Every structure is written in structure tokens, then in C-alpha cells.
Amino acid sequence: MGAVATTLYAGVEAVKQGLALPIGSYTQMGKIRLGKRTENRHELVKNLLPLSDLGDIVFGGWDIFTDNAYEAATHARVLERDLLEKLKEPLSRIKPMPAVFDSNYIRRISGSNVKSGKNKMDLAEQLRLDIRNFIKENGCDRAVMVWCASTEVYAPASAVHASVETFEEGLRNNDPAISPSQIYAYAALKERVPYANGSPNVSVDLPCIVELAIETGTPISGSDFKTGQTFLKTVIAPGLRNRQIGVSGWYSTNILGNRDGEVLDDPGSFKSKEITKSSVLHDIFSKEMYPDLYGDLHHVVRINYYPPRGDNKEGWDNIDIFGWLGYPMQIKVNFLCRDSILAAPIALDLALFMDFAGRAKMRGIQEWLGYYFKMPLSKVGLKPEHDLSVQLLKMENTLRFCMDEELINHLGLTYYGINENPKPNQPGNSAVI
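Because the structure is a prediction, the values reported are computed rather than measured.

Caption draft 1: Region of the structure containing the packing of helix H1 (residues 3-16) against helix H4 (residues 69-76). Two numbers describe how H1 lies on H4: the axes approach to 9 Å, and their chain directions differ by 115°. The handedness of the crossing between H1 and H4 comes out as left-handed. Residues Ala3, Thr6 and Tyr9 of H1 lie in contact with H4, whose contacting residues are Ala69, Ala72, Ala73 and Ala76. Considered class by class, the residues forming the contact of H1 with H4 number six nonpolar, one polar and no charged.

Caption draft 2: How the structure looks around the packing of aromatic side chains. By the definition in use, this model includes ten aromatic pairs. Ring centres of Tyr9 and Phe59 lie 4.8 Å apart, and the angle between their planes is 35°; on these two criteria the pair is classed as tilted. Separated by 50 residues along the polypeptide, Tyr9 in helix H1 and Phe59 in the loop between helix H3 (45-48) and strand E3 (62-63) bring together distant segments of the chain. Like Tyr9, the residue Phe59 is buried in the burial classification. Through successive ring pairs, a cluster of aromatic residues spans Trp250, Phe285, Tyr290 and Tyr294.

Caption draft 3: Focus on the sheet that holds strand E8 (residues 246-256). Strand order across the open sheet formed by four strands is E9-E8-E10-E11, with mixed pairing between neighbours. Of all strands in the sheet, those bounded by a partner on one side alone are strand E9 (298-305) and strand E11 (328-336). Within the sheet, the average angular offset between the axes of one strand and its neighbour, ignoring direction, is 10°. In the packing of helix H11 (residues 229-242) onto the sheet, the strands contacted are E8, E9, strand E10 (314-322) and E11, and the crossing angle to E8 comes to about 170°.

Caption draft 4: Here's a closer look at the pattern of salt bridges. As enumerated under the stated definition, the model contains 20 salt bridges in all. Among the salt bridges present, the one from Asp130 reaches Lys115, with a minimum N-O distance of 2.7 Å. Residue Asp130 is located in helix H7 (residues 120-137), and its partner Lys115 is located in the loop between strand E4 (97-98) and H7; the two are separated by 15 residues in the primary sequence. Like Asp130, the residue Lys115 is buried in the burial classification. Counted as one network, the salt bridges with shared partners bring together Glu125, Arg128, Arg132 and Glu191.

Caption draft 5: Up close: the sheet that holds strand E7 (residues 219-222). Here four strands make up an open sheet; going across it, the order is E5-E6-E7-E12 and the pairing parallel. What marks the edges here is a single partner per strand, and that holds for strand E5 (145-147) and strand E12 (364-365). Where E5 meets strand E6 (residues 195-197), three bridges bridge the pair, whose relative direction is parallel. What sits directly across from Trp147, in E6, is Asn197.

Caption draft 6: Seen up close, the packing of H7 against helix H9 (residues 180-190). Contact pair H7 / H9: the axes reach a minimum separation of 9 Å and the direction vectors enclose 50°. Of the possible angle classes, the one that applies to H7 and H9 is oblique. Considering how the two elements wind past one another, H7 and H9 form a crossing that is right-handed. Counted together, Lys120, Met121, Leu123, Ala124, Leu127, Arg128 and Ile131 of H7 and Ile183, Tyr184, Tyr186, Ala187, Ala188 and Lys190 of H9 form the full contact between these two elements. Class assignment for the residues of the contact of H7 with H9 results in ten nonpolar, no polar and three charged.

Caption draft 7: Up close: unusual backbone geometry. Residue Ser223 is bonded to the preceding Gly222 through a cis peptide linkage, with omega at 0°. Among the secondary structure elements, Ser223 is positioned in the loop between E7 and H11. The backbone of Asp224 shows a phi angle near 75°, a positive value even though the residue is not glycine. Assignment of secondary structure puts Asp224 in the loop between E7 and H11. A residue is classified by how much of its surface remains accessible, and Asp224, at 2% relative accessible area, is buried. Phi at Lys361 is positive, roughly 65°, even though this residue is not glycine.

Thresholds applied
- Residues numbered from 1 in each chain as written.
- Predicted model: local features only at pLDDT ≥ 70, side-chain atom pairs only at ≥ 80, totals over all residues.
- Heavy atoms only, no water.
- Axes fitted to C-alpha atoms, helices over the stretch in contact; angles between N-to-C directions.
- Helix = DSSP H or I, 4+ residues; strand = E, 2+ residues; numbered from the N terminus.
- Left-handed = near helix turned anticlockwise from the far one by under 90°.
- Contact = heavy atoms within 4.5 Å.
- Nonpolar A, V, L, I, M, F, W, Y, C, P; charged D, E, K, R; others polar.
- Phe/Tyr/Trp six-rings, centres within 6.5 Å; stacked < 30°, edge-to-face > 60°.
- Buried < 20%, exposed > 50% of the residue type's maximum accessible area, 1.4 Å probe, protein only.
- Pairing = 2+ DSSP bridges.
- Salt bridge = Lys/Arg side-chain N within 4 Å of Asp/Glu carboxyl O.
- Parallel < 35°, antiparallel > 145°, perpendicular 65-115°, else oblique.

So, in C-alpha cells, the structure goes:
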């Protein structure tokens, strides 16, 4: 219940009260094309799909601090005080449950509102009880869990993550390789609660969690919200690649002053973020496929904790490119963004889409939601897609498919009288005039 979560809570309450618009939320403001281009038929996503209404959502969460959502939002200083005062009553009712916390995974902050148990399995059982009690006490039919908490120290998969059986044995034995976020993911799936990982933490991309998601018939998605600098990379980089523009270097640096910035000031936590932020370009600019264009690409990512900036993150990018005949050029990008303002609508969309996926009996990895993540989950052996426009097409075609609408491929040849597969003659001698 930090900056992102409380900005989400407050935003939904503000929309419900008619105080603001849900800008940035595809589920609330996005329109999807249906049918042929000549039909010019577009529908609001929320009208096409049987999504849950904002008025039916009840928010809750865990935190190592005891502040209710109003107090936490006030401390986060993302939203203006006069808006928060109008939302004080509903936000004050949202109080955090004690959290599962391990200082070995989050080193720069600590709090007293934490669970204790005889082992990690006991902690997982406490989380499961929290979920059941929350659903019952709030009169809910079902739940979705969206991870918006701090970035943990990087810890790659190990033997304990090989299967559900080894993971559960590890929980009982307090295996140090099991992080808090993995305990939350396990608890959610055991309760058949769809789980979306909005952080760089290694939690859903584990064999044991994927196995459990299939076993319980529960959707999972992740990882790491694609909000600011990386969002722009997935717009700019595919454009450069698609135009066959070479890239020799991409230097990215950020300054951030909120709790996320403080946590990421620890090298171990930064390592987790560095991996998700770096993977985007390495996958888009394939050295194997385009050795002449990206074979010597130098990609540098930096994040610096700068308290005066607060939640207003600033990202600088210097992109060294080269074009026709190898002539060098540069692109400079300076994105002065608001971290939680960009993340909150993503969290809302994921909550609604994951709930939709659960009701549609989808299970396991929801690759179609990669549109929202820096490191999209995909099946083992499949390279993740990072091109934002391709991700959007995939997501929208998934929605069309679910609603028995015609899939769209943008071919368009039939509009110009080409109704058969064109087969050109051999070129022979040709000239350019």
C-alpha cells in the first residue's frame, strides 16, 4: 500500500465520484476496432467486454507500515492534498494487513506491521487466510492480486523452484531462496486468485509457479510495469529496427525520490530492475538477426536515488544511431514523468483483465497482457515480444477472439481489388527512374 497502490485506490474513488477521468486506463477509455475498415466501427473496451464495474471493486492490501490508505497517500505526496481530502473517508477505511517481510530481500526500509510464523509455509497459510477473510468480510465473489510492492534483491531460480513439490518442501524448511513475493504468489494461486507481478521480482516466472497456475486453473502475468522510460523504448526501438536504422549505443539514466527509489538504491534490488529494463533492447535489437546494425550495441541503465524529486521520476536517454552508408546521428529523450500516475492505470487494467481471464477459464501464463510489462511472461522456448504495437494487436485480437469478433491482420489488399495471392514475375533487367 505504497505510492502506486494508494494512487490507484484514490484514482478509482475520484473517478467514481466524478472528480477526475481515468486517463491512461485502456479498460476505461480505450476503443477497439471491430469488423472491416469500411464499417468504421469502434467500441469502448468496457462496453465490449463483461468487465467488472469500478463501483464493484473493493481494495485491500498488505504493508509493513500501519498507515491506512489516506495516510499512506498523504505521505507519498503523489496527489494534491485538496483531492485527497475529498477522498479521505473511503481511503481511511482501507487498512493494511500485516505483511510477509524479509530484510534479506528488502534492505533499505523496515516496518513493524509484519507477520511471524514457524516457517514460510506458515506465512503462506496466513496469507491464504487473509484472502479468504477479506473476501468474506467485504462480501466479494472473487479476488485478484496485483503486486505493487518494493523491488526485492535479485535472486534467480534455484533447485527449490523446480516444481510445486520442491517449492512446498522449501516453504516448510524455510529455504532462504524463497522470497516474500514468491510466498504471496503461491498463496494467491492456492486460493485460485489471479496474480499479476508489477515488479521486477522473480516470482511468477518460476517453473513451480507456472505449474501451480496450470494445476489450479489460475491466470498469471508479469513482470514489471512498463511505465516510463521502458515504455518509450518499446515505442522508439521497434521503429528504428523496422526502418533498419543501426544503433551503436543507448544510455539510460533515471532520478527518482520516492520509496521505490530508496529501495533501488541498494545494488541487490537495482540488479532486479536492471535485468528487466535491459532485456527490452536486447530482445528488440537482436544481434544474431541483425549483426551489422546491432552487433556492437552498448546498453547502459542507471537509476539514482534523489529525494528532492519525490515521485516525479526523470529519465534521460542518449541514443547513438547510424543510417545510410554508416553516417552517425543521435536522439535525445528527456521524460519528466510521474511514476505512480503512469503505474496506477496499468494496475487497474491488469486487475480487470486478470479477473476477466479468470472468469473466461484462462489459466497459466497470459502472454496477451505483455503490453503492460517490461519483461513479458512467455512459454519456455518462446522469445517474448516487446514491440508495443505488436503487443497491442495481440491483446486486442485476444479480446476480439473472446467476444467472437473477427480477428484483424491489417492486410488490406482486398480494398484494392487484389483477391488472390499475388505472384510477381521474375524481375529481369530493371531500372530506377
